[in-house]
Amino acid sequence: MKSQLTAILLTIICFSGWAQKKNESFRLHIRKATAPIVIDGVADDSAWQDTDVADDFFMVLPMDGRKALEKSEIRMAYDDKQIYLVATFYNSTKGKNFVESLRRDFNFGKNDNFLLFLDPFNNQTTGFSFGSNAAGAQWDGTMFGGGSIDLNWDSKWVSEVVRDEDKWVFEMAVPFKSIRYKDGVKEWGINFSRLDLKASEKSSWTPIPRQFPTASLAYTGVLVWDAPPPSPGTNISLIPYMLGSVTNDDEGTTYDKKVGGDVKVSLTSSLNLDLTVNPDFSQVEVDRQVTNLDRFELFFPEKRQFFLENGDLFANFGYASIRPFFSRRIGLGVPIKAGARVSGNLNEKWRLGLMDMQTAAVDETGLPSQNFGVLSLQRKVFGRSSIGLMVVNKESVNYPQENDSLTALYPKFNRNVGMEYNLASSNNLWNGKAFLLKSFSPNDQGNGLTQAAHLEYNSRKWNWRIQEESVGESYTAEVGYVPRNGYVRIQSFLGHLFFPKSGKILSHGPTLNTSYYFDQNFARTDNTSYLLYAFDFRDRSSLNFFISDDFVELLSPFDPTRLGKEELAAGTKHQWNAFGWMYASKPQSLFTYTFDSRFGGYYEDGNRTSLTTELGYRFQPYVSLSANLNYNRIKMPAPWNTNEFWLIGSEVDITFTNTLFFSNLFQYNEQSKNFDLNSRFQWRYKPASDLFIVYTNNQLLSPYTGRTWSLTLKLNYWFNP
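Residues numbered from 1 in each chain as written. Predicted model: local features only at pLDDT ≥ 70, side-chain atom pairs only at ≥ 80, totals over all residues. Heavy atoms only, no water.

Draft legend 1. Highlighting the side chain of H454. With respect to the element layout, H454 can be found in strand β24 (residues 449–458). Side-chain polar atoms of H454 contact the side chain of N431, separated by 3.4 Å. (Helix = DSSP H or I, 4+ residues; strand = E, 2+ residues; numbered from the N terminus. Polar contact = N/O pair within 3.5 Å; in protein donor to acceptor, adjacent residues only side chain to side chain.)

Draft legend 2. Just the environment of T525, in detail. Looking at the secondary structure, you find T525 in strand β28 (residues 524–537). Overall, T525 belongs to the buried group, its relative accessible area being 3%. In contact with T525, other than residues within four places in its own chain, are R484, Y517, F518, D519, F551, V552, E553 and L555. Looking at T525, its side chain comes within polar contact range of the side chain of D526, at 2.8 Å. (Buried < 20%, exposed > 50% of the residue type's maximum accessible area, 1.4 Å probe, protein only. Contact = heavy atoms within 4.5 Å.)

Draft legend 3. Structural context of the packing of aromatic side chains. Tallied over the entire structure, the rule returns 42 aromatic pairs. Ring centres of F130 and W157 lie 5.2 Å apart, and the angle between their planes is 75°; on these two criteria the pair is classed as edge-to-face. You can see F130 sitting in strand β7 (residues 127–133) and its partner W157 sitting in the loop between β9 (148–150) and β10 (158–163), a full 27 residues away along the chain. What makes F130 buried here is its relative accessible area of 0%. Three or more aromatic residues joined by ring pairs make a cluster, and in this case those are F26, F58, F89, F114, W168, F170, F192 and W205. One residue, K67, lies across the ring of F58, its end atom 5.1 Å from the ring centre. Just above the ring of Y487 sits the side chain of R484; from NZ or CZ to the centre is 5.6 Å. (Phe/Tyr/Trp six-rings, centres within 6.5 Å; stacked < 30°, edge-to-face > 60°. Lys NZ or Arg CZ within 6 Å of the ring centre and 35° of its normal.)

Draft legend 4. Quick look at the pattern of salt bridges. Enumeration over the complete set of coordinates arrives at 30 salt bridges. Among the salt bridges present, the one from R194 reaches D196, with a minimum N-O distance of 3.0 Å. Pair check on accessibility: R194 and D196 agree, each one buried. Salt bridges sharing partners connect three or more residues here, namely R104, D140, D154, R684 and D690. (Salt bridge = Lys/Arg side-chain N within 4 Å of Asp/Glu carboxyl O.)

Draft legend 5. Looking closely at unusual backbone geometry. P62 follows L61 through a cis peptide bond whose omega is 10°. Of note in the backbone geometry, N641 takes a positive phi value of approximately 60° without being a glycine. Secondary-structure assignment places N641 in the loop between β33 (623–635) and β34 (642–657). A positive phi is found at K673, a non-glycine position, where the angle reads about 55°.

Draft legend 6. Structural view of the nonpolar core. Ranked by size, the top nonpolar core spans 37 residues in total, and within it I74, M76, L85, F114 and F192 carry the most contacts. Secondary-structure elements contributing two or more residues to this core are β1 (27–32), β4 (72–78), β5 (82–90), β6 (113–119), β7, β11 (167–175), β12 (187–196) and β14 (221–225). F114 has contacts with I74, L85, A87, F89, F130, G131, S132, W168, F170, F192 and S193, leaving out every residue within four places of it along the chain. Among the nonpolar cores identified, the runner-up in size contains 26 residues, and L313, A477, V479 and Y487 belong to it. (Core = buried A, V, L, I, M, F, W, Y, C linked by side-chain atoms within 4.5 Å.)

Draft legend 7. Region of the structure containing the environment of V392. Relative to the assigned elements, V392 resides in strand β21 (residues 385–397). Distance from V392 to A424, taken between C-alpha atoms, is 25 Å for residues 32 residues apart in sequence. Once residues lying within four places of it in the same chain are set aside, the contact partners of V392 are P324, F325, G373, V374, N414, R415, N416 and V479.

Draft legend 8. Main features of a nonpolar patch on the surface. A cluster of nonpolar side chains, contributed by L512, L531, F545, I547, F579 and W581, occupies part of the molecular surface with about 560 Å² of accessible area. Residue assignment for the nonpolar patch shows that the elements contributing at least two residues are β29 (542–553) and β30 (573–584). Turning to its location among the elements, W581 is positioned in strand β30. (Patch = residues over 30% accessible without salt bridge, like charges linked within 9 Å, V, L, I, M, F, W, Y side chains within 5 Å. Areas by Shrake-Rupley, 256 points an atom, 1.4 Å probe, with all protein chains shown as cover.)

Draft legend 9. Seen up close, the pairing of strand β19 (residues 350–359). Across 9 bridges, strand β18 (residues 336–345) lies against β19 in antiparallel orientation. Within β19, the position partnered with N345 by the bridge is R351. Linking two consecutive strands that pair antiparallel, namely β18 and β19, is a turn of 4 residues. The pairing of β19 with strand β20 (residues 369–381) spans 9 bridges and is classified as antiparallel. Of the residues in β20, the one forming a bridge with W350 is R379. (Pairing = 2+ DSSP bridges.)

Draft legend 10. Molecular detail of the pairing of strand β2 (residues 58–61). Where β2 meets strand β3 (residues 66–67), 2 bridges bridge the pair, whose relative direction is antiparallel. Among the inter-strand pairings, F58 is bridged to a residue of β3, identified as K67. With antiparallel pairing between neighbouring strands as the criterion, β2 and β3 make up a hairpin whose turn holds 4 residues, including G65 at a positive phi of roughly 80°. Alignment of β2 against strand β13 (residues 201–204), held across 3 bridges, turns out to be antiparallel. What sits directly across from F58, in β13, is S204.

Draft legend 11. Expanded view of the side chain of E171. Note that E171 resides in strand β11. Despite its burial, E171 pairs with no opposite charge; the closest candidate is R75, at 10 Å N-O. Side-chain polar atoms of E171 contact the backbone nitrogen of D40, separated by 3.1 Å. (Lys, Arg positive; Asp, Glu negative; His and termini not counted.)

Here it is as structure tokens:
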């Protein structure tokens, strides 16, 4: 296995090269505004007449390599405090713009929209994104990994949209204090993206191959400043909050009030210090429930604001199923007392993430107070690649010295140390990763090694990947997400696309995917192989078919229904085949739908049928309705017999304005015997300052009993002294 890792690692390094910016010749000059600019979406300020124009966009979808059919124009300027942008989007295809709602951070593929991608360090891997849909709903997020966007991040900025029959105009101002950049640098990476669903066209200022998102920072142009951007100077933000809540359960009614807040301090123009005291996350969007027929723990993403800025430094080390650090482990049912983070860019080569969090003790369970420390250090190498170091430490405070049962339940410490190399080629065709992790615990049972690597190629017609993983039996990551131990995995896929010259089909082609798991002695324990054939249509709808083959040798007892029934014995072997299809309608319709089906075998020579649909209807731009239905029928011999269960989710999203929102989520889960209601009213009365009213109701279904409801009023304010 070491020789395999070495071979893959050497291959990855060989493909790194010294990257040269692909679209260096696309340059937009930004000058200091010659007159005041008012953000009203009208764009009649005299200052806009003295700016350069970015136009003549390129088509990305349905097919790259040609000029866009829909005309777009971008102008930019700045003053001592803010960056300004005005975008004008002309409509040669007549008809109403398509928008889902006025909800912030909208679904990209279901809205006519404009997005700005900023790469202030010109490193082609990190940055910021701002934008709007055609109705004025704002979009903002941090960029990482060369083209991914975390929309959970919010910042202070303002924008307006004005529409008529021929065009829509977006105007915005972003304070320099709301972003991070290096003093004295006169060239930033930049690009602009437009999605026009009426014309079924996605376009970009710079040319981008269709297999990549327009957010790909490898394909940005250059924003050229007439003088270095003004230094933001001392930048301190105070974000206090206060709340009151009432909770009712089977034991009675309790009342609570809470005060806390965050502080943001810019140590430099590119490095930020975040402090939090007595944080509260009651307004955070609830997790979507899913039917769980997997043998291992499910993953739910982090949504808490404190953990999000530069979150990739902490959260992206390793793979999706091998994370040495997962921030949701902190404060899971345990109060967080305080925390601090330093994160950002030290210079154009180095990035730093440093975090320390302190939780309270829980007397009812004997859990001691715990301290969580994380260090992440990343250095850019070659062109767009990087080498990273991560150290994770969980340490119990006031640890019980003589209680053997508690010391076994709550180990005194757990530590992880790891190194990682990330490949990103200059043209984005090649990417890869190789990493090594070591864990440390009070006894040898928690000391183990993990390593993995992959190499992937992604062109317009061909896409392939080869990956290997090895997770030691004794490897532990108590502050991470590693749902499975003691295995070696080999995974690969190969896909190809065909592009008809005419007709309704834009592209079609097969993908073959295989994944094999072995124990530490290289004996096969399970594998999944499937052949997928995908059709993408010119109207943006899609249709996929698949056939699959599965084999499982259970390593521990498992209830295949997850309904609390009999468990299959460890060591039993199971094999089955299945087939199915998936269809997604075109997003331009007011009524949208997807269908997903699976038919075939299951454990113990049984049979499983799974049907899933998502239905949506919008009264644009104010009301968006959606429903998710998942039905499972599992037929097995006694004692499991035949079991049927539903998961139903329904969402009503009302956006009165782009600052006043009312969302309601209903979830009914027969597998977990749970009904859940979450209603959240949000008024953004000032940029990044909110009033929340949140109602939750959770009720167990028969044969279980129990009901809990709560009502919370929370007010926060973003204050810049």
